[in-house]
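# Examining the three-dimensional arrangement
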Amino acid sequence: MINTEKQRRLAFGSAHFIKSGSRLANCPPDEGVEIAFAGRSNAGKSSAINTLTQNQKLARTSKTPGRTQLINFFGLNIPNKRLVDLPGYGFAKVALSVKHDWQKHLDEYLRQRKSLAGLVLIMDIRHPLTEFDQAMCKWCQQADLPLLILLTKADKLKHGPAKNAALQVKKALKDHPNLKAIEIFSSLKKIGVDRARAHIEQWLMQTPEPD
Ligand SMILES: Nc1nc2c(ncn2[C@@H]2O[C@H](COP(=O)(O)OP(=O)(O)OP(=O)(O)O)[C@@H](O)[C@H]2O)c(=O)[nH]1
Ligand SMILES: [Mg+2]
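Residues numbered from 1 in each chain as written. Chains lettered and ligands numbered in written order. Predicted model: local features only at pLDDT ≥ 70, side-chain atom pairs only at ≥ 80, totals over all residues. Heavy atoms only, no water.

Spatially, the seven strands line up as an open sheet ordered 1-3-4-2-5-6-7, and their pairing is mixed. Bordering the open sheet on either side are strand 1 (16–21) and strand 7 (179–184), each of which pairs with just one other strand. Going from strand to strand, the sheet's axes swing by 20° on average, the running direction of each strand aside. Two strands pair when backbone bridges link them, and strand 2 (residues 33–39) and strand 4 (residues 81–85) are joined in this way by five bridges, in the parallel orientation. Across the sheet, residue Phe-37 finds its bridge partner in strand 4, namely Asp-85. (Pairing = 2+ DSSP bridges. Helix = DSSP H or I, 4+ residues; strand = E, 2+ residues; numbered from the N terminus. Axes fitted to C-alpha atoms, helices over the stretch in contact; angles between N-to-C directions.)

Rendered as structure tokens:
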């Protein structure tokens, strides 16, 4: 029998908001396959999701760091495939108790979410591999989770320096066993969008669903 579900093409433009969770307990059921976008506050995670889905109104973006404070889930045209916008880390200007709360929930999500099939780490190409970013890379290795790095805001650099920044990151992570690719990206100028989509689509469509 032909499995039409498997043959359907993922349409990024179909992305729609499902729900926000402040903690693991109020996230959607842990079924299917999801890809999460992580990174420092203000790095451009929500903008990257909007660019990939061609929907500027999907994930809320802001000039003020700390905009995304909940774990936001977006569904796609294929059931049980999701994109997840995570709150940023490394944001100093929130109350310590709130900061700890987020980190705890983020940590809980990363450790326990069975449907999490890959992490897209968003880094500002001008300031890559902060301490938190490095911790995130290490965490992917420990959890054996595939990692895609998008070096965003590439429109802020000329071609040469952007290439060089990507090379430096590649060098620093050359021994990372789960790193699938490092892509130069810009939400503003739509750089690297198709390549990023191809990686994410592959993960979403080829990862077997958890039991
Ligand atoms: N020039 C440029 N600006 C960008 C790009 N991507 C995002 N920005 C800007 O960077 C700021 C932060 O973007 P967001 O997408 O809200 O960042 P975030 O990582 O989701 O931030 P938090 O939700 O606070 O963690 C906004 O002012 C965006 O317009 C890009 O590719 N180029
Ligand atoms: Mg955000």
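Turning our attention to the nonpolar core. The biggest cluster of nonpolar side chains holds 34 residues, and the ones touching the most others in it are Tyr-109, Leu-119 and Ile-149. For Tyr-109, the residues in contact, after removing those within four places along its chain, are Leu-24, Glu-34, Ala-36, Ile-71, Phe-73, Val-84, Leu-86 and Leu-116. Core analysis: the next-biggest nonpolar cluster, separate from the first, contains 28 residues, Ala-43, Ala-196, Ile-200 and Leu-204 among them. (Core = buried A, V, L, I, M, F, W, Y, C linked by side-chain atoms within 4.5 Å. Buried < 20%, exposed > 50% of the residue type's maximum accessible area, 1.4 Å probe, protein only. Contact = heavy atoms within 4.5 Å.)

Taken across its nine residues, strand 5 (residues 116–124) has nine buried, putting it largely inside the fold. Of the strand pairs in this sheet, strand 2 and strand 5 are connected by six bridges, and their pairing is parallel. Paired with Ala-36 across the strands is Leu-119, a residue of strand 5. Read as a crossover between parallel neighbours, the route from strand 5 over helix 4 (residues 131–143) to strand 6 (residues 147–152) is right-handed. (Right-handed = clockwise from strand over helix to strand, strands pointing away.)

What follows covers the packing of aromatic side chains. Inspection of every chain in the model, using the stated rule, returns two aromatic pairs. Between Phe-17 and Phe-74 the ring centres are 6.1 Å apart and the planes differ by 65°, which places this aromatic pair in the edge-to-face class. On the criterion of sequence distance, the pair formed by Phe-17 in strand 1 and Phe-74 in strand 3 (residues 71–75) is long-range, its members being 57 residues apart. On the basis of relative accessibility, which here comes to 46%, the residue Phe-17 falls in the partly exposed class. Look at Phe-74 and you get buried, because its relative accessible area is 1%. Consider the rings of Phe-73 and Tyr-109, whose centres lie 6.4 Å apart with planes at 65°: the pair is edge-to-face. Here the residue Phe-73 occupies a position in strand 3, and Tyr-109 occupies one in helix 3 (residues 96–112), the gap between them amounting to 36 residues. Each of the two residues, Phe-73 as well as Tyr-109, counts as buried. (Phe/Tyr/Trp six-rings, centres within 6.5 Å; stacked < 30°, edge-to-face > 60°.)

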